[in-house]
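Understanding the architecture of this molecule
Spelled out from the first residue to the last, the chains are:
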Amino acid sequence: MKSKKNQGRTRAQESSNAIERMYITMRHLFNRGFYKPMGVSGETLREALLLLRPEIYGSIAEEKAELDGLLYVLDRLPKGIEECSFINLTSDEGYANSHFKPIIPPKRRRNCYRIDEEQMNIEITRGRSDIYDILTHLTFLFIESHKISKKVVIDESGSTTRDWQKLEKTVLSNKKLSLIEKEIAVTHTANILGRTFDELNAVYEKFSTRKQPERFLSIIYWLGKLAIDEIGENKKRTVTFSPVLRERLGHHIHGEIWAINVKEVMKKHGLLERPIHIISANMHSVMNTLFAPSALRTLKSKKDIFEVYKDLSEDVNNALCTKVTKNALQNGMIPIEDSSGTNINVQIFDTAKMDLSKTDLLLDKKKEVSEKPVIFVMDYAFGEQAYETIDELLKPLNNGKSKVHLNVESISIMGKAGILRGGKGDIMIPSSHIFEGTADNYPFKNELSNRDVSGKGVDVYEGNMVTVLGTSLQNKEILKFFHESTWNVIGLEMEGAHYQKAIQAASKIRGNINPNVKVSYAYYASDNPLETGSTLASGGLGTSGVRPTYVITRAILEQIFNN
């Protein structure tokens, strides 16, 4: 009798199952309306995250505190959230018209409001992906907080260690520390966190702000304080979802308002029936590519154009950026600031008002264009929001008794993604998007190829890409499976499948746009999550992202003007 093959699950299978459980649980908690992250209702989320042990959260499953992951999370949550026991996720419910001042996290575009010393409200206007992102980060934060409480509470009566008492005294004194005082406080905090003095010194300034130089100590104190209160006094932290948010979510409310607004502006300028080329990108690369050569002629005569782009990306060169923007506004650029809550700004370029000979793009000089194209640039969407915004944008505009269909000739998506084969700053050209957690896959003909972007000082990889439910939920085992199995995935991102789903529905099924619309996708690598020290939590791209960004942008624009 043959021995049975071991049917044990691989780490990748366990990870995939943990991700699926997390998303099912988060949807259940949302429908329920509230939950207590460190109570019974939050147990499934905690267990799944600890099983998953995502790369971005580092040592989450160990006793020692995770410092890089903590910085990553707090950059994406509102300042002061560690002090709040009540976190309320709301829709856009009018707080912008109140006395509350919006708190916008450095690395996420969302409005948050500190209601009182115990409560933080976070506005959700970008769909479910925003909720998943926040709940995942909060779960990490609360797990870390209980690590602290376990280290400092020494008996059932709630007595605490000397290290904790010293930290508490320092934080509550609320004063700027001398070097000696700071180093004493760091020493006590290192004992609490299970980290070395050097490790804490290395991250201390990264948490600091001009108004709060000792912010790191405050964060650790308040995380521990609320966890101690949960254990000793049963003051459980609570996450709630407002009734209005629960009613609105999934109905494209903000996406519809956004799309109608931008189409009305196009109608006002007589651009709706012109050939339209949609580009999802940032709010500077297309403008700089089209107008920097003419606006900064003197600088360009002395430097390579990519050096000029690098100068424009640095905060100290605001005067250069102003010159380019002014030139663009005088030559056909129409900016549209978002007022819908999507946080997606738009730039429209009317090429009929531009002199393309002043650009340095490789253009077919012999090509005669009967109708000058309109270039529609929209800022990055976030996760599932990509479907909502593109789906609404591609719908015809009601014009009284008739409907005006947009004459969309191409849609190009440029974004950041994690790479599995190369390194930071490399370029990925996908041939299909695979949606994580399902067998859904979206093959397409990509108008961009290796030859369009190669030979420009960056490495280029072609292949399949996976659209993940959240970049912060990936670990090495599941990424290795994607990369090394027959899925042959070269990178991961959060929007591709959602964009393609909307494009295919509009072009192939609903008849809203040309069925033969041209589609281009290209991503530049923000990190390699398979390499230690190269995850998103280890730091941003810096200026290394400038070259791939503009290599892709130039390729997209040359394709638009030459095809």
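Each chain has its residues counted from 1, running along the sequence as written. Local features are withheld for residues below a pLDDT of 70 in this predicted model, meaning they are given only at 70 or higher, and side-chain atom pairs are given and counted only at 80 or more; totals for whole chains, interfaces and linings count all residues. Side-chain descriptors were evaluated using all non-hydrogen atoms of the structure, hydrogens and water having been removed beforehand.

**Describing the nonpolar core**
Here is the rule: The term nonpolar core refers to a set of buried residues drawn from Ala, Val, Leu, Ile, Met, Phe, Trp, Tyr and Cys, joined through side-chain atoms within 4.5 Å. Burial classes: relative accessible area under 20% of the type maximum marks a residue as buried, over 50% as exposed, and values in between as partly exposed (1.4 Å probe, protein chains only). Secondary structure elements follow DSSP: runs of H or I of four or more residues count as helices, runs of E of two or more count as strands, with numbering from the N terminus.
Of all hydrophobic cores here, the largest spans 84 residues; its most connected members are L89 and F216. Among the elements that line this core, the one with the most residues is helix α4 (residues 128-152), at eleven residues.

**A few points about the sheet that holds strand β2 (residues 86-90)**
What counts is decided by this rule: For two strands to count as paired, DSSP must find a minimum of two bridges between them. Throughout, a contact is declared for two residues whenever any of their heavy atoms are within 4.5 Å. Axis definition: a line fit to C-alpha positions, over the contact stretch in the case of helices; interaxial angles, taken between N-to-C directions, run 0 to 180 degrees.
Read from one edge to the other, the open sheet built from five strands follows the order β1-β5-β2-β4-β3, with strand pairing classed as mixed. For this open sheet the edge positions go to β1 (34-35) and β3 (112-114), each flanked by a neighbour on one side alone. Pairing of β3 with strand β4 (residues 119-123), which is carried by three bridges, proceeds in the antiparallel orientation. Bridge pairing in β4 links R114 to M120. Set on the sheet, α4 makes contact with β1, β2, β4 and β5 (238-241); between it and β2 the angle comes to about 170 degrees.

**Description of helix α5 (residues 162-173)**
The cut-off we apply is this: A helix is expected to reach a length of 1.5 Å times the quantity of its residues less one. Picture the helix axis, draw a direction to every C-beta atom, and the arc is the one those directions span.
Over its twelve residues, α5 runs 17 Å from end to end, which matches the ideal 16 Å to within 8%, given 1.5 Å per residue. Buried within α5 we find D163, W164, L167 and V171. Axial view of α5: buried residues confined to an arc of 90 degrees, hence all on one face. Away from its buried face, by an angle of more than 90 degrees, α5 presents the exposed residues R162, K169 and L172. On its buried face, α5 is in contact with α4, α6 (179-193) and α8 (215-233).

**Some remarks on unusual backbone geometry**
One non-glycine residue, R53, lies in the positive phi region at around 45 degrees. Along the chain, R53 falls in the loop between α2 (43-52) and α3 (67-74). With relative accessibility at 38%, the residue R53 sits in the partly exposed group. The backbone of N174 sits at a positive phi, close to 55 degrees, despite the residue not being glycine. Examined against the element boundaries, N174 turns out to sit in the loop between α5 and α6.

**Details of the pattern of salt bridges**
Our working definition: Salt bridge criterion: a side-chain nitrogen from Lys or Arg within 4 Å of a carboxyl oxygen from Asp or Glu.
In total, this model carries 23 salt bridges according to the counting rule given. Among the ionic pairs, E230 bridges to R237, the shortest N-O distance being 2.9 Å. For the pair formed by E230 and R237, the shared burial category is buried. Each of R108, R110, R126, D130 and D133 takes part in one network of salt bridges that share partners.

**What about the side chain of E123?**
How we decide: Only four residue types enter the tally: Lys and Arg on the positive side, Asp and Glu on the negative side, with His and both chain ends excluded.
With respect to the element layout, E123 can be found in strand β4. For the buried E123, which has no salt bridge, the nearest side chain bearing the opposite charge is R248, at an N-O separation of 8.3 Å. Filtering out sequence-adjacent residues up to four positions away, E123 remains in contact with T90, S91, D92, E93, Y95, R110, N111, Y113 and D130.

**Observations concerning empty space enclosed by the protein**
Basically, it comes down to this: A cavity here means a set of points on a 1 Å grid, drawn over the protein atoms and nothing else, where a 1.4 Å probe fits but cannot get out; a pocket is an open set with protein on both sides within 12 Å along at least five of seven lines, and a residue lines either one if it has an atom within 4 Å of a point. Grid points are joined across faces, edges and corners, and a volume is the space filled by probe spheres set on the points. Throughout this entry, Asp, Glu, Lys and Arg are counted as charged residues, while Ala, Val, Leu, Ile, Met, Phe, Trp, Tyr, Cys and Pro are counted as nonpolar. The remaining residues, Gly among them, count as polar.
In this structure the tally under the stated criterion is four cavities of 30 Å³ or more. Each pocket or cavity is described by its volume, and for the largest cavity that value is around 50 Å³. Lining the largest cavity, in full, are M26, R27, F30, R128, I131, Y132 and L249. Looking at the lining of the largest cavity, the elements with two or more residues in it are α1 (11-32) and α4. Per-class residue counts for the lining of the largest cavity are five nonpolar, no polar and two charged.

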